[in-house]
Amino acid sequence: PTEVRAAHESVVRSAILDPNTHDITVDVFLVSATNAPLDEPGGLERAKFRVDLYDRLRDGAQIRLPRLAERPGDILGLFEGFLEGRTSEINGRWPKSLTREVEGLLSAHMWPGNLRDLRGVANSVAESTKDFDTVHPRNLPASFNSPDSAKPSSFSGPATRASGASLPNVKM
């Protein structure tokens, strides 16, 4: 409702709340994210994003995080971190090794859901390979056999990872 939005905007502008007893000063750090290209012509309208809110958010620091598909060197490390976490939850076993073909398929995938998608695939692989130590292409979802899942031909191939390295603190 308009009254609530006006009250919120007043609070954000003044950064002071009045709970009818005493004033409380708050320190707020607002982080917002979108996958819509709001800065392109017509982007706000296509995304149905409020212009006044965009103007206020745009005044702050902006950090562009590239899509996961644009960071192929990060894919295998993140995947192995997610896989390690889920595998240890299931049966406490690690490490699982990935065949070179699986590494190539993971690195070449477009990852439309970014990290959420990558974590989902890792969880699925952990479940389907809980009694095996090696991940093969047959353990990946069927979408990896789709021609639409691969990157354009300019992709030079998978990045390699140092043997024995792990990402135990990756949590999403």
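Residues numbered from 1 in each chain as written. Predicted model: local features only at pLDDT ≥ 70, side-chain atom pairs only at ≥ 80, totals over all residues. Heavy atoms only, no water.

S.K.: Talk me through the overall build of the protein chain; I want residue IDs and the actual numbers.
M.R.: Within the protein chain one finds 6 helices and 4 strands. Scanning the protein chain from its N terminus toward the C terminus, one meets helices and strands in the order α-β-β-α-α-α-β-α-α-β. Within the span of the protein chain, comprising 172 residues, buried residues form 24% of the whole. The contacts in the protein chain between residues at least 6 apart in sequence include a share of 69% that link residues at least 24 apart. (Helix = DSSP H or I, 4+ residues; strand = E, 2+ residues; numbered from the N terminus. Buried < 20%, exposed > 50% of the residue type's maximum accessible area, 1.4 Å probe, protein only. Contact = heavy atoms within 4.5 Å.)

S.K.: Please provide a residue-by-residue account of the packing of helix α4 (residues 72-90) against helix α5 (residues 100-108), values included.
M.R.: Where α4 meets α5, the axes come as close as 9 Å, and the angle between the chain directions of the two elements is 120 degrees. The orientation of α4 with respect to α5, classified from their angle, is oblique. For α4 against α5, the interelement crossing comes out right-handed. In this structure, α4 contributes P72, I75, L76 and F79 to the contact, and α5 contributes E103, L106 and S107. Residue composition of the contact of α4 with α5, grouped by class: 5 nonpolar, 1 polar and 1 charged. (Axes fitted to C-alpha atoms, helices over the stretch in contact; angles between N-to-C directions. Parallel < 35°, antiparallel > 145°, perpendicular 65-115°, else oblique. Left-handed = near helix turned anticlockwise from the far one by under 90°. Nonpolar A, V, L, I, M, F, W, Y, C, P; charged D, E, K, R; others polar.)

S.K.: Would you mind going over α4 in detail, with residue names and values included?
M.R.: Owing to its 3.6 residues per turn, the α-helix brings residues three or four apart onto one side. For α4, spanning 19 residues, the distance from its first C-alpha to its last is 28 Å, which sits close to the expected 27 Å at 1.5 Å a residue. Turning to α4, its buried residues number three or more, namely I75, L76, G77, L78, F79, E80, G81, F82, L83, E84 and T87. Looking at the buried positions of α4, the neighbouring elements they touch are β3 (97-98), α5, α6 (114-128) and β4 (134-135). Note on α4: the residue one or two positions beyond its end, G92, has a positive phi of about 70 degrees. (Expected span 1.5 Å × (residues − 1).)

S.K.: Lay out the nonpolar core with the relevant residues and their values.
M.R.: In globular proteins that are soluble, nonpolar side chains generally tend to be buried together. Of all hydrophobic cores here, the largest spans 19 residues; its most connected members are F79, L83, L98, L106, W111 and L118. Sorting the residues of this core by element identifies α4, α5 and α6 as the ones contributing at least two each. Element by element, the count of residues in this core is highest for α4, at 6 residues. Not counting the four nearest positions on each side in its chain, L118 is found in contact with L68, I75, L78, F79, F82 and W111. (Core = buried A, V, L, I, M, F, W, Y, C linked by side-chain atoms within 4.5 Å.)

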